[in-house]
Amino acid sequence: MSDEQPPQRSKEELLQDLAVRFKEKCFSSLEFYSLKDVFKTLADHQGGVSYLKEDTVARYLEIPDILGASPVLFQMVSYIGAFPFLAEAPVILELPHLIMVVVIMTERYKRVLDRGPTDRTKLLFKSMAVYDRKASATGPASPTVKSDEPDRPGNNSLGFTIDQPGQDEDDEYADDDLVLTAFELLDIGDAVKQGSVLEVHGAIIPTDNFRKLVMLLLLVAPLGEQDSLSRYSNRVTGIELEHLRASAESIISSFVDVETSPGIRYHDFKRLIPIIAPNLFAGFNNLFGHFLFSKNLDFTKHKGDEAKLEDKPAKLAQPLVLNNGEILNGHLLAQIATFLPASDLFHRVRLLYSGNDSGFSIGSFESKVFNWAAPTILLVSGSRIADKPGGGPETKFAESLPLKRYPNGSKGERVTFGVYVREPWKHTHRGCFGDSETVLFQLEPVHDIFRASTINTDYVTFTKAPANPPCMAFGCPHPKPTKSGRSSHGTFSLGAVSLLLDDSFEFGVFHHDFSSRGGAFRTSSVRQANFEDRFQVEKLEVWGCGGDKEAAAQAERWAWEEREAEARRKINLGSGSQEQDRALLEMAGLIGSNRSGGSMG
């Protein structure tokens, strides 16, 4: 019996083995043929090596120059192409490396690496990171990607969880679960593994690099499988570009204090991405899927058509929001899609209510929003009010709130909050409505998400006088009726994490008690502190997630309720007694304390 060990395979052989496995399980034969054809068409050649250059990849994917994101993206590609032997990065992008890039960026690798942890978060971080301790303390310095960020020491801003230099858990960072899963699949021995994981300290993603990448990710978020990114060229010009930068800046502010921190550390990246932006990198799936569709294999074209099409500009894509609101635009919708399902959002939202169009009142809100049987997104935007009320309405609003007040939640005077509600809106007579999928969030100046808790169910309150104190609130205890129209102490009770608008929609307050753990919404992972933003409402919108079918159903229900109301007005029971007539109507279920204007429910 021989004790001889099988010959050890080289890294090139192992890489080829993994590439074959990806080829067999991640691509159809036509997709792989397209991938090879695209590579062959685009590749440069030198010394017998065929490879892709940065400008070639940027041009093929149609990355807009104005974003400055191409160097950042190519740094990622050059790193991920070395998978699973990351110590070899950056690599020259040959075909086997492009295969690695496409399967990882499109998440197709899960079809092969399904026997262990398959999250790519750590791999994406490493592909963007700068690995120098000095750079992490004084500002990024990368030979591949230069940053405009000034040299400033890291600093903890009150309430924000930004690590000081050198506080990363290096042991946790070093081992990449996805790489280890690939090693297990290939049955790689320890001798080959050695040197394949970088020993790094103080790794950061330079802030400016991440800003450019986030702008690109928001731009590509709605991209279809075969959509050309050039069709969205109108989203990177003029006011649209300003909106894109603003949304990206809010997301960046969740990870770092952009004025003091040089970059994002792995600890914060790993902790925050799944909570506040789990879908942030989803746009890569279809963007890199473009490598699987060769234009040379487009069977819908006839010979000679390509020359004709080159002279025509790309047809612009349909707007993500058919009619922009005063708050919501395509880029803000892409920002919302980082934490809500994109299938409910792009080309699927319509304006149900706008305060500046229909009036800032609970009645006008009800007349536009009720009877929408699909999810809705409420957005409210305004300017912070001073700590000391300016008199009149501000004083009245301040008196309706508890005396205890926390500091403001962030820098900047403008704030935008929102709520995603899956259930249809209704009056709340004794308790709240909503479910565990309700999401409370902030979009400006900091991107922050407060998902529903199951500790209590005070999700949504919508009350009208005289039965209840009138208000609209999220995460607040349902108000108890009193003669004064307020709670027992003359003030509203604010939940641990809550948003409340007064009955005239003139003022609002967002309250965050980090020390409390008993609210309807979870506390912030971005700002681990107590804070409160009181603001004057300037814009208020509700958007319905749905299309013509949902709109027709809402119109039909409104028409039914109008007919029922008209029928009740014409009823003459002839008993001669108002009390007896009312009793008969209640027995018939047409009126009563639990009915609302002829509701069918």
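Numbering of residues starts from 1 in every chain and runs along the sequence as written. Local features in a predicted model are, by the rule used here, given only for residues with pLDDT of at least 70; side-chain atom pairs are given and counted only at 80 or more, and totals for whole chains, interfaces and linings are based on all residues. Side-chain figures throughout are based on the complete set of non-hydrogen atoms in the structure, without hydrogens or water.

Engineer: Now, about the overall build of the chain: what can you tell me, with residues and values included?
Structural biologist: Per the convention used, a helix needs a DSSP run of H or I reaching at least four residues, while a strand needs a run of E reaching at least two, with both numbered from the N terminus. When helices and strands are tallied, the chain shows 21 helices and 14 strands. Between two residues, a contact is recorded if the distance between any of their heavy atoms is within 4.5 Å. In the chain, the proportion of contacts linking residues at least 24 apart, taken out of those at least 6 apart, comes to 74%.

Engineer: So what about unusual backbone geometry? Which residues, and what values?
Structural biologist: Glycine aside, the phi torsion of most residues is negative, and most peptide linkages are trans. At the junction of Ala89 and Pro90, the peptide bond is cis and its omega measures out at -5° in the coordinates. In this fold, Pro90 is placed in the loop between helix H4 (70-80) and helix H5 (95-105). Residue Pro445 is reached from Glu444 by a cis peptide bond, and omega for that bond is 0°. Considering the arrangement of structural elements, one finds Pro445 in the loop between strand E8 (439-444) and strand E9 (448-451).

Engineer: Describe the packing of helix H2 (residues 29-42) against H5, with residues and values.
Structural biologist: The convention used is that axes are lines fitted to C-alpha atoms, helices contributing only their stretch in contact, and that angles between N-to-C directions extend from 0 to 180 degrees. Orientation of H2 relative to H5, taken along the N-to-C sense of each, is 125°, at an axis distance of 11 Å. Taken as axis vectors, H2 and H5 run oblique relative to one another. Note on packing geometry: the crossing formed by H2 with H5 is right-handed. From H2, Phe32, Leu35, Lys36 and Phe39 reach across to H5, where they touch Leu95, Leu98, Ile99 and Val102. Any angle between 65 and 115 degrees counts as roughly perpendicular, while under 35 counts as roughly parallel, over 145 as roughly antiparallel, and the rest as oblique. Handedness of each helix crossing follows the sense of rotation of the near helix against the far helix: counterclockwise by less than a right angle gives left-handed, clockwise gives right-handed.

Engineer: Outline the side chain of Thr376, listing residues and values.
Structural biologist: Mapped onto the fold, Thr376 is located in strand E6 (residues 376-384). Identification of polar contacts relies on pairs of N or O atoms within 3.5 Å, with a donor-acceptor requirement for protein atoms, meaning one able to donate a hydrogen and the other able to accept it, and with residues adjacent in sequence counted only if both atoms are side-chain atoms. Polar contacts involving the side chain of Thr376 include one to the side chain of Trp425, which spans 2.9 Å. Discounting chain neighbours no more than four positions away, the residues touching Thr376 are Leu352, Val419, Tyr420, Val421, Trp425, Val542, Trp543 and Gly544.

Engineer: Could you give an account of the state of the cysteines, with specific residues and numbers?
Structural biologist: In plain terms, two cysteine sulfur atoms within 2.5 Å form what is called a disulfide here. As enumerated under the stated definition, the model contains zero disulfides in all. Here Cys432 stays unpaired: no disulfide links it, and the sulfur of Cys476, its closest cysteine neighbor, is 8.4 Å away. When its relative accessible area of 22% is taken as the criterion, Cys432 is described as partly exposed. Working definition: with a 1.4 Å probe on protein chains only, accessible area under 20% of the residue-type maximum means buried, over 50% means exposed, and in between means partly exposed.

Engineer: Run through the pattern of salt bridges, naming residues and quoting values.
Structural biologist: Think of a salt bridge as a Lys or Arg side-chain nitrogen and an Asp or Glu carboxyl oxygen that are within 4 Å of each other. Throughout the structure, instances matching the rule amount to 20 salt bridges. Ionic pairing is found between Asp435 and Arg422, a salt bridge with its closest N-O pair at 2.9 Å. Of this pair, Asp435 sits in the loop between strand E7 (414-421) and E8 while Arg422 is found in the loop between E7 and E8, placing the two residues 13 residues apart along the sequence. By relative accessible area, which is 15% here, Asp435 ends up buried. Among the ionic pairs, Glu532 bridges to Arg534, the shortest N-O distance being 2.7 Å. Of the residues examined, Arg534 reaches a relative accessible area of 7% and is grouped as buried. A cluster of three or more residues bridged by salt bridges with shared partners is formed by Asp208, Arg211, Lys212 and Glu249.

Engineer: So, helix H13 (residues 266-276): which residues are in play, and what are the values?
Structural biologist: All of the buried residues in H13 are Tyr266, Asp268, Phe269, Leu272, Ile273 and Ile276. Looking down the long axis of H13, one finds its buried residues gathered within 145° of arc, a one-sided arrangement. Starting at the helix axis, one direction is taken to each C-beta atom, and the arc is that of these directions.

Engineer: Go over the nonpolar core with me, naming the residues and quoting the values.
Structural biologist: Core analysis: the biggest nonpolar cluster contains 116 residues, and Phe83 and Phe291 have the highest contact counts within it. The source of the domain bounds is an automatic or database domain assignment. No fewer than three residues from each of domain 1 (11-133 + 174-289) and domain 2 (340-547) sit in this core. Residues within four places of Phe291 in sequence aside, it is in contact with Ser34, Leu35, Val38, Leu42, Leu52, Tyr60, Leu61, Leu98 and Val102. By convention a nonpolar core is built from buried Ala, Val, Leu, Ile, Met, Phe, Trp, Tyr and Cys residues, the set being connected through side-chain atoms within 4.5 Å. If you look at the next biggest cluster of nonpolar residues, it comprises 37 residues, including Phe365, Phe505, Phe531 and Ala551.

Engineer: Tell me about the side chain of Asp502, residues and numbers included.
Structural biologist: Within the secondary structure, Asp502 is located in the loop between strand E12 (497-501) and strand E13 (507-512). Side-chain polar atoms of Asp502 contact the backbone nitrogen of Glu506, separated by 2.8 Å. Once residues within four sequence positions are removed from consideration, Asp502 is found in contact with Phe397 and Phe507.

Engineer: I'd like to hear about helix H12 (residues 238-255), residue by residue, with values.
Structural biologist: Over its 18 residues, H12 runs 27 Å from end to end, which matches the ideal 26 Å to within 8%, given 1.5 Å per residue. Elements in contact with the buried residues of H12: helix H11 (207-220), strand E4 (263-265), H13, helix H16 (330-336) and E8. In this analysis, the expected span of each helix is defined as 1.5 Å times one less than the number of residues it contains.

Engineer: Could you give an account of the environment of Pro64, naming the residues involved and the relevant values?
Structural biologist: Mapped onto the secondary structure, Pro64 falls in the loop between helix H3 (54-61) and H4. Pro64 gets classed as buried once you look at its relative accessible area, which sits at 17%. Each C-alpha atom, one on Pro64 and one on Ser230, is 8.1 Å from the other, the two residues being 166 residues apart in sequence. Contacts of Pro64, omitting those with residues within four sequence positions, involve Leu219, Leu229 and Val236.

Engineer: Tell me what's going on with the environment of Pro71, and back it up with residues and numbers.
Structural biologist: Tracing the backbone shows Pro71 in helix H4. Measuring from C-alpha to C-alpha, the distance between Pro71 and Ala58 comes to 8.8 Å, with 13 residues separating the pair along the chain.

Engineer: Hey, could you go over the pairing of strand E14 (residues 531-545) for me, with residue numbers and the actual values?
Structural biologist: Counting buried positions over the 15 residues of E14 gives twelve, a clear majority of the element. Following DSSP output, two strands are said to pair if at least two bridges run between them. Judged from the nine bridges that link them, E6 and E14 form a sheet pairing that is antiparallel. By the bridge assignment for E14, Gly382 is matched with Val537.

Engineer: With reference to specific residues and values, describe the packing of aromatic side chains.
Structural biologist: Ring geometry is summarised as follows: Phe, Tyr and Trp rings, the Trp one being its six-membered ring, pair when their centres sit within 6.5 Å, and such pairs are stacked at plane angles under 30 degrees, edge-to-face over 60 and tilted between the two. Inspection of the entire model under this criterion finds 26 aromatic pairs. Ring pairing ties together the aromatic residues Tyr60, Phe125, Phe210, Phe255, Tyr266, Phe269, Phe281, Phe284, Phe288 and Phe291, which thus form one cluster.

Engineer: Outline the environment of Pro319, listing residues and values.
Structural biologist: By secondary structure assignment, the location of Pro319 is in the loop between helix H15 (305-310) and H16. Residue Pro319 is classed as partly exposed on the basis of its relative accessible area of 41%. Considered as a pair, Pro319 and Phe346 are 27 residues apart in the sequence and their alpha carbons are 8.7 Å apart.

Engineer: Go over the confidence of the model for the chain with me, naming the residues and quoting the values.
Structural biologist: Across the chain, the average pLDDT comes to 82, with 78% of residues at or above 70. On a scale of 0 to 100, pLDDT captures the predictor's confidence in every residue. In this model residues 194-200 is a low-confidence stretch, pLDDT under 50, and it forms 17 contacts with partners more than four residues away in sequence or in other chains.

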